[in-house]
Amino acid sequence: MSKTLELPPVFSDGCIIRHGIETTVWGTAASDSTVRLKFDGHTITAQAPDGKFKTRLPAVPPGGPYDLAVSDGEEQVVIRDILAGEVWIAGGQSNMEWPLKTTKGYREHIAAADYPQIRFFNVQKLLYDGETEDNPNKFSRKSAWRQATSEHVGEFSAVGYHFARDLHIDLEMPIGIIECNLGGSSASAWTREDYLDSDSDVKSYLEDYRQAVEKLDMDQYNSAVKMMMAGMSGELMDMDPEIEMDQPFDFSNLPPELSGVIHRYNRSRLFSKTS
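Residues numbered from 1 in each chain as written. Predicted model: local features only at pLDDT ≥ 70, side-chain atom pairs only at ≥ 80, totals over all residues. Heavy atoms only, no water.

(A) Spotlight on the packing of aromatic side chains. Using the criterion set out here, one finds five aromatic pairs in the structure. When the centroid spacing of 5.2 Å and the interplanar angle of 85 degrees are considered together, the rings of Phe 11 and Trp 26 count as edge-to-face. You can see Phe 11 sitting in the segment before β1 (16-18) and its partner Trp 26 sitting in strand β2 (residues 23-28), a full 15 residues away along the chain. Take Phe 11: its relative accessible area is 12%, and that puts it in the buried class. Centroid distance Trp 88 to Phe 163: 5.2 Å. Interplanar angle 80 degrees. Geometry classified as edge-to-face. Of the two residues, Trp 88 is situated in strand β7 (residues 76-92) and Phe 163 in helix α4 (residues 158-171); the sequence distance between them amounts to 75 residues. (Phe/Tyr/Trp six-rings, centres within 6.5 Å; stacked < 30°, edge-to-face > 60°. Helix = DSSP H or I, 4+ residues; strand = E, 2+ residues; numbered from the N terminus. Buried < 20%, exposed > 50% of the residue type's maximum accessible area, 1.4 Å probe, protein only.)

(B) Structural view of the side chain of Glu 179. Within the secondary structure, Glu 179 sits in strand β11 (residues 175-181). Those residues in contact with Glu 179 that sit more than four places away from it in its chain are Ala 90, Phe 120, Phe 121, Asn 122, Val 123, Glu 155, Phe 156 and Ser 157. (Contact = heavy atoms within 4.5 Å.)

(C) Representation of the nonpolar core. Core analysis: the largest hydrophobic core is formed by 30 residues, its most contacted members being Phe 53 and Leu 68. Setting aside chain neighbours within four positions, we find Phe 53 in contact with Leu 5, Leu 7, Val 25, Trp 26, Gly 27, Thr 28, Ala 29, Val 35, Ala 46, Gln 47, Ala 48 and Val 70. Grouped together as the second largest cluster of nonpolar side chains are 19 residues, Ala 90, Tyr 115, Val 153 and Ala 164 included. (Core = buried A, V, L, I, M, F, W, Y, C linked by side-chain atoms within 4.5 Å.)

(D) Molecular detail of the pairing of β7. Pairing between β1 and β7: three bridges, direction parallel. Directly across from Ile 16, in β7, lies its bridge partner Leu 83. Bridging between strand β6 (residues 63-71) and β7 involves six bridges; their strand directions are antiparallel. Considered in β7, the bridge of Ser 71 is made with Gln 76. Between β6 and the antiparallel strand that follows it, β7, lie four residues; Gly 73 among them carries a positive phi value of about 95 degrees. Across seven bridges, β7 lies against β11 in parallel orientation. Following the sheet pairing, Trp 88 is matched in β11 by Ile 177. (Pairing = 2+ DSSP bridges.)

Here it is in structure tokens:
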């Protein structure tokens, strides 16, 4: 039996919400059901006439942990270990995406990381509309909140981690970082589609993106990306981030029949999206 009652992955065990303001919560539930949410001694109800609901949780002070129980009369979801504090989005290109484990001094920073009240949530990268259907294996594992401990911080955004650590020490409260970034993306990737569609000066960006996706061959695309990532991994393994991390990846060894695919792949990254 498939689940009907679901919340987006950003509302999951260990999540951090903003302190001092109401938190908007949404999800899916049984059609025409009444959804009941229990949080910090409060019970909130919301209707789901079309199988979707949206409501707000009451404001709470910094700290926790809190639990959130959501029920539609048929199913129940319980989210545990919720903290309230500051929440920031680490958005942008490769400078924001660059992981801590590939930066100078990473060994010391990773070894010293012990901040269970700093937590990161990495938004999955969606390069184009429909990729979840074309490439389901890529999205088989949902995003989750992870604590800033030595086990995890190497994969976190280096900029995001240093920012969160300093803020946590200064404010003495939980800090949540939502990583929503993609190296090589352009400003058009972070602009609303309806705006791109309505402005003649920038509409060409959206049209180019749609044409690139329409012509994309998934078999060639996956082969090209696999070969590219394998080559990059080999180069990175030979590098010491303490010495040098600025060497460009050499595409010259890729088979010529994949050059067009790589070109379209790179163009699609210009209009990439996150989900």
